[in-house]
Structure formats: C-alpha cells, structure tokens
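Fold and geometry: a report
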Amino acid sequence: MFKRILVATDGSTLSKKAVTSAIALAARNDADLVALNVIPRYPRSYLEGAMTFSAEDIGRIEKQWAEKAQAMLDTVSARAKESGVRIKTTTANSDLVAESIIAAAKKYKSDLIVMASHGRKGIKRLLLGSETQHVLAHSTLPVLVLR
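Every chain is numbered independently, its residues counted from 1 as its sequence is written. Local features in this predicted model are restricted to residues whose pLDDT is 70 or higher, and side-chain atom pairs enter the listing and the counts only when it is 80 or higher, whereas totals over whole chains, interfaces and linings include all residues. With hydrogens and water excluded, all non-hydrogen atoms of the structure serve as input to the side-chain values.

Describing the pairing of strand 2 (residues 32-39)
- In terms of burial, strand 2 is largely enclosed, as seven of its eight residues are buried.
- Of the strand pairs in this sheet, strand 1 (residues 4-8) and strand 2 are connected by five bridges, and their pairing is parallel. Across the sheet, Leu 6 pairs through a bridge with Val 34, a residue of strand 2.
- Classification remark: right-handed applies to a crossover when, strands pointing away from the viewer, the course from the first strand over the helix to the second runs clockwise. Here a strand is any run of E in DSSP of at least two residues, a helix any run of H or I of at least four, and the numbering for each starts at the N terminus. Handedness of the β-α-β unit built from strand 1, helix 1 (residues 13-29) and strand 2 comes out right-handed. For every residue, the accessible area (1.4 Å probe, protein chains only) is compared with the maximum for its type, and the residue is labelled buried under 20%, exposed over 50%, or partly exposed between those bounds. Note on pairing: DSSP must find at least two bridges between two strands before they are called paired.

Concerning the sheet that holds strand 2
- Pairing is parallel across the open sheet formed by five strands, whose spatial order is 3-2-1-4-5. Whereas interior strands pair on both sides, the edge strands pair on one side only; in this sheet they are strand 3 (87-93) and strand 5 (143-146). For this sheet, the mean angle separating the axes of adjacent strands, direction not counted, is 20°.
- For this analysis, residues touch if any pair of their heavy atoms sits within 4.5 Å. All axes here are fitted lines through C-alpha atoms, helices being fitted over the stretch that makes contact, and every angle between N-to-C directions spans 0 to 180 degrees. Against the sheet, helix 5 (residues 131-138) contacts strand 4 (112-116) and strand 5, and its axis sits at roughly 160° relative to strand 4.

Concerning the side chain of Ser 77
- Its place among the elements puts Ser 77 in helix 2 (residues 55-82).
- Judged by its relative accessible area of 12%, Ser 77 falls in the buried class.
- Ignoring anything within four residues of it in the chain, the contact list for Ser 77 reads Ile 87 and Thr 89.

Spelled out as structure tokens, the structure:
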C-alpha cells in the first residue's frame, strides 16, 4: 500500500509514539521510512533593548540543536533497523516547520506523512498555531495523525 513513509519527530513523547507507529506501518508494508526533524533557527530580536547574542553564541547554540537532532534521529534509525525497516534520516533548518515537513515529503516522494497530533503546548500553540493542523490543511498527501 505505502512505499515510502515520512515521519516527523521532535523527540516529544507524542512524536515518539508516532515514530513507533510509523516503524510498525513501514514494516507491515515493506516500505521505506524517512525520519525528519526540523531544527529551528535561533531567534534574533531587533527590538531596542532586547537581549542579543554574538554570532559565535548563536552558531554554538544552533550546532548543539543540530547535534541533539542527529542523536535523536540516530535512535530512530536504530529502532527501525531492528525492525528490518529501511530508513533514511534527515534534518531541515527552518522556522517553518509544517512547510518543511511537506517539502521533505515531496522531496523524498513519500506517499504518507506520519506525525503526532501536536508538538507545541499552551501559549506557543495559541500564538504559533498547530503545525499538524497546517500540514493537514496544506499537504496533498495523506497524513496519519497520532495522539
């Protein structure tokens, strides 16, 4: 049924459930799996009086985020391989999470996107909106949402 499944993960408890389900679905369908983590860009403030960081500090922080993302994806990869699933891991550096997920699904010719019902909580979700909702509204591919 599915030949290539993209799973978006941010390391949260809910996204770990999505990864587990995506691995099981890929194993049942003999499908390839693409695991994606979107790494945000470090926020820069241009408001007067706002705290600023040097370019070196920003680079160091972004490097730490990238290393954390790669470690998380390495764990996903090991779990998939234990289940006999072919997997590719990838990251995207962007503040546009939903758009990055949709773009990666197109790039890797996925026929299904698997993701958790939400990643952000509280005021951040209210202000920034649900990335899952955005993917559901804008993707032309089927999206399996796990809670």
